[in-house]
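Each chain, written out:
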Amino acid sequence: MNVFSRFCKEEFCKGFFLFVLLHTFFKLQQHPYQSTNKMAKNFTTREENYSEWYNELVVRADLAETSAVRGCMVIKPYGYAIWENMQHVLDKMFKDTGHQNAYFPLFIPKSFFSKESDHVEGFAKECAVVTHYRLKANPDGNGVCVDPEAKLEEELIVRPTSETIIWNTYKNWIRSYRDLPILVNQWANVVRWEMRTRLFLRTTEFLWQEGHTAHATKEEAEIESRKMLDVYATFAQEYMAMPVIKGIKTPNERFAGAIETFCIEAMMQDGKALQAGTSHFLGQNFAKAFDVTFLNKENKLEYVWASSWGVSTRLMGALIMTHSDDHGLVLPPRLAPIQVAIVPIYKTEEQLAQISDKVQSIKQELEAQGVRVKYDDRDSQKPGWKFTEYEFKGVPIRIAIGPRDMEDGSAEICRRDTLEKKVYSQTEIGELIPKLLEDIQKNLFDRALQHRIDNTISVDNWEDFKIKIEEGKFILSHWDGTTETELKIKEETKATIRAIPLDVKEEAGKCIYTGKPSKYRVIFAKAY
RNA sequence: CGAGAUGUAGCGCAGUUGGUAGCGCGCAACGUUCGGGACGUUGAGGCCGCUGGUUCGAAUCCAGUCAUCUCGACCA
């Protein structure tokens, strides 16, 4: 036999000691986050295949799944709960800035689209069209078919966005400057027949809010669109813990029908950019297209000034791609449906009863402070299973309480962002948790910001530019200001100008591509 | 819409020259377990994407079609 077994036979005690050491070492090697966690072990494709990792995460964290309907998705209860939290916060922010909610029709007559030429051009290629209003039994007796006799005189378009129908309605609402401003928001679903879809990021149907405002002056409309951009940026940074760059879109990337498009751009973990929200200054384009005029204070007829702004369920995708790791979703506490999950560890009914009793008082203490707590005393799953489950779902804090803790009056607390575990006294939990939640919220933001800083560089050389774009960086470079150059760069590198930052510094330089003079740097990146 | 790949159990996959449908995980029951996705025994679960063709016979061959994924074009 080998040296080891002979050693054990001859010196059993020492051998046994060694065995314990080896066993302990082996246990340590089997760190739960590595090898014993089967799911987590298989879930490490983030580096190799980011999109595969993303899709799997969305499904495994129980957020959503692809539907049998082309390019559509089913948002599952847990995913929807996060969206509801987002909605709730945003809705309050809109109301705090003087807006009201309303609702406009899903169907838009085709003719409305022909009124604003840029707008049609932008959306015509991706519209779902309703042509008939009735089905009938198939002549061959199998199922149903579209009744050809029920053809609509004018086709209806399922809204890809509501500017047209809303401006057609505003026409009837506005006569005088006294009717202005109109500050309306709508929570709705829209349909865009995209060629390629991706859960949350680009689905055929998606949920969003769209604000549509009408103003008496250009300045007021401009201020409104800037103000709402700030609202979005605040929401992204303070609630989603996602740092964003506020900027202006180039004419090429501008919303169809807008004079100026403002955006917030975020960097995902693979270095790609994601447009997380937009706000548009529409000038008088839609007012002119729909003939919306008002009498101003000087009794002169004038076209109305407009803005529109929106964020969608795409924010869910942004949230996922900003924070998640190879153990699953990581949610910022302010948006997490469950902020604290408590898992009991027990063998007997008596132990469970004892633990449950203790947990109830902890839970009440936390809930009194507004913390969203879930006590998971299901007997159908074991503790280890629950740990992994809540990790996958991104629950910010997990508390485990077992017999050992009951003896010591302690509890094990694990934070999701760092996966760090610590034992605390049960009496300090009530005070600790709210602080810890804030700490996690802050840490997530700092971490994401650091990631963006680390992956943002200034480049002045075309060869470097091509290399760095491939590496997935945000690149600050000079640009000669022409759409022509922008398109050529896109063609050669797939990089687009994500934004001209609002806080851009004047700096003389030469265009990265043409060498023509430029006044400031813009942000180039590959985008979703 | 272009190029490529894939559709077989809830999920991941195997299925040989065309001959009665398989594995792993999961699921259910029972027992032992319960401090990081436990183990054993038994069991349930299939219009082999859909339509048509070839054949005595098709998951397998052919044609069409639909869907999904990756890469383009498009886009929040």
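Note that the coordinates shown come from a computational prediction; the quantities given were computed from them, not determined experimentally.

Regarding the overall build of chain A
Then, number 1: Within chain A one finds 17 helices and 27 strands.
Then, number 2: If one aligns the C-alpha atoms of chain A with their principal axes, the spans along those axes are about 105 × 65 × 60 Å.
Then, number 3: Looking at chain A as a whole, 50% of its 528 residues are labelled buried.
Then, number 4: Carbon and sulfur atoms form 52% of the exposed surface of chain A, whose accessible area is close to 26100 Å².
Then, number 5: Mean positive and mean negative side-chain charge positions of chain A (70 and 76 charges, respectively) differ by 2 Å.

Digging into the sheet that holds strand 23 (residues 474-478)
Then, number 1: Strand order in this open sheet of eleven strands is 3-9-10-16-13-12-11-24-27-23-22, and the pairing throughout is mixed. Every other strand in the sheet has two partners, leaving strand 3 (100-101) and strand 22 (456-458) as the edge strands with one partner each.
Then, number 2: In this structure, strand 23 lies alongside strand 27 (residues 521-525), joined through four bridges in antiparallel fashion. Within strand 27, the position partnered with I475 by the bridge is F524.
Then, number 3: Its contacts with the sheet put helix 11 (residues 314-323) on strand 13 (273-283) and strand 16 (305-312), and the angle it makes with strand 13 is roughly 145°.
Then, number 4: Sheet strands in contact with helix 15 (residues 429-454) are strand 11 (245-248), strand 12 (260-267), strand 22 and strand 23, and its direction is about 30° off that of strand 22.

A look at the sheet that holds strand 17 (residues 340-344)
Then, number 1: Read across the sheet, five strands follow the order 18-17-19-20-21 without closing on themselves; strand pairing throughout is mixed. Taken across any chain shown, the strands that pair with only one partner, and hence form the sheet edges, are strand 18 (373-375) and strand 21 (421-425). The sheet shows a mean angle of 25° between the axes of neighbouring strands, taken without regard to direction.
Then, number 2: Sheet contacts for helix 12 (residues 349-368): strand 17, strand 18 and strand 19 (397-401); angle to strand 18, the most-contacted strand, approximately 170°.
Then, number 3: The strands that helix 15 touches are strand 17, strand 19, strand 20 (410-415) and strand 21; relative to strand 20, the one it contacts most, it runs at about 10°.

Comments concerning a nonpolar patch on the surface
Then, number 1: Together, L135, V144 and V146 line one region of the surface with nonpolar side chains, adding up to about 280 Å² of accessible area.
Then, number 2: Residue position: V144 is located in strand 7 (residues 144-146).
Then, number 3: A relative accessible area of 56% means that V144 is categorised as exposed.

Re the packing of helix 16 (residues 462-470) against helix 17 (residues 483-493)
Helix packing for two helices is described by the angle between their axes and how far apart those axes are.
Then, number 1: Where helix 16 meets helix 17, the axes come as close as 11 Å, and the angle between the chain directions of the two elements is 55°. By the angle between their directions, the pair helix 16 and helix 17 is classed as oblique. In this structure, the crossing between helix 16 and helix 17 has a hand that is right-handed. Residues W462, F465, K466 and I469 of helix 16 touch helix 17, and the partners they reach there are I489, E492 and T493.

Some points on the packing of aromatic side chains
Then, number 1: All told, the structure shown has 18 aromatic pairs when counted by the stated rule.
Then, number 2: Pairing F206 with W208 gives two aromatic rings, centres 5.8 Å apart and planes at 90°, and the pair type is edge-to-face. Comparing F206 with W208, the two get one shared label, buried.
Then, number 3: The interplanar angle of 65° and the centroid separation of 6.5 Å between the aromatic rings of Y232 and W309 together place this pair among those described as edge-to-face. Of this pair, Y232 sits in helix 9 (residues 218-239) while W309 sits in strand 16, and the two are 77 residues apart along the sequence.
Then, number 4: According to the relative accessible area criterion, W309 is buried, its value standing at 2%.
Then, number 5: Among the aromatic residues, those joined into a cluster by ring pairs are W83, F94, W187, Y232 and W309.
Then, number 6: In this arrangement the basic side chain of K272 is found over the ring face of Y528, its NZ or CZ atom lying 4.5 Å from the centre.
Then, number 7: A cation over an aromatic ring shows up here: R334 above the ring of Y239, its NZ or CZ 5.5 Å from the ring centre.

About the thresholds
- Residues numbered from 1 in each chain as written.
- Chains lettered and ligands numbered in written order.
- Predicted model: local features only at pLDDT ≥ 70, side-chain atom pairs only at ≥ 80, totals over all residues.
- Heavy atoms only, no water.
- Helix = DSSP H or I, 4+ residues; strand = E, 2+ residues; numbered from the N terminus.
- Buried < 20%, exposed > 50% of the residue type's maximum accessible area, 1.4 Å probe, protein only.
- Areas by Shrake-Rupley, 256 points an atom, 1.4 Å probe, with all protein chains shown as cover.
- Lys, Arg positive; Asp, Glu negative; His and termini not counted.
- Charge placed at Lys NZ, Arg CZ, Asp CG, Glu CD.
- Pairing = 2+ DSSP bridges.
- Contact = heavy atoms within 4.5 Å.
- Axes fitted to C-alpha atoms, helices over the stretch in contact; angles between N-to-C directions.
- Patch = residues over 30% accessible without salt bridge, like charges linked within 9 Å, V, L, I, M, F, W, Y side chains within 5 Å.
- Salt bridge = Lys/Arg side-chain N within 4 Å of Asp/Glu carboxyl O.
- Parallel < 35°, antiparallel > 145°, perpendicular 65-115°, else oblique.
- Left-handed = near helix turned anticlockwise from the far one by under 90°.
- Phe/Tyr/Trp six-rings, centres within 6.5 Å; stacked < 30°, edge-to-face > 60°.
- Lys NZ or Arg CZ within 6 Å of the ring centre and 35° of its normal.

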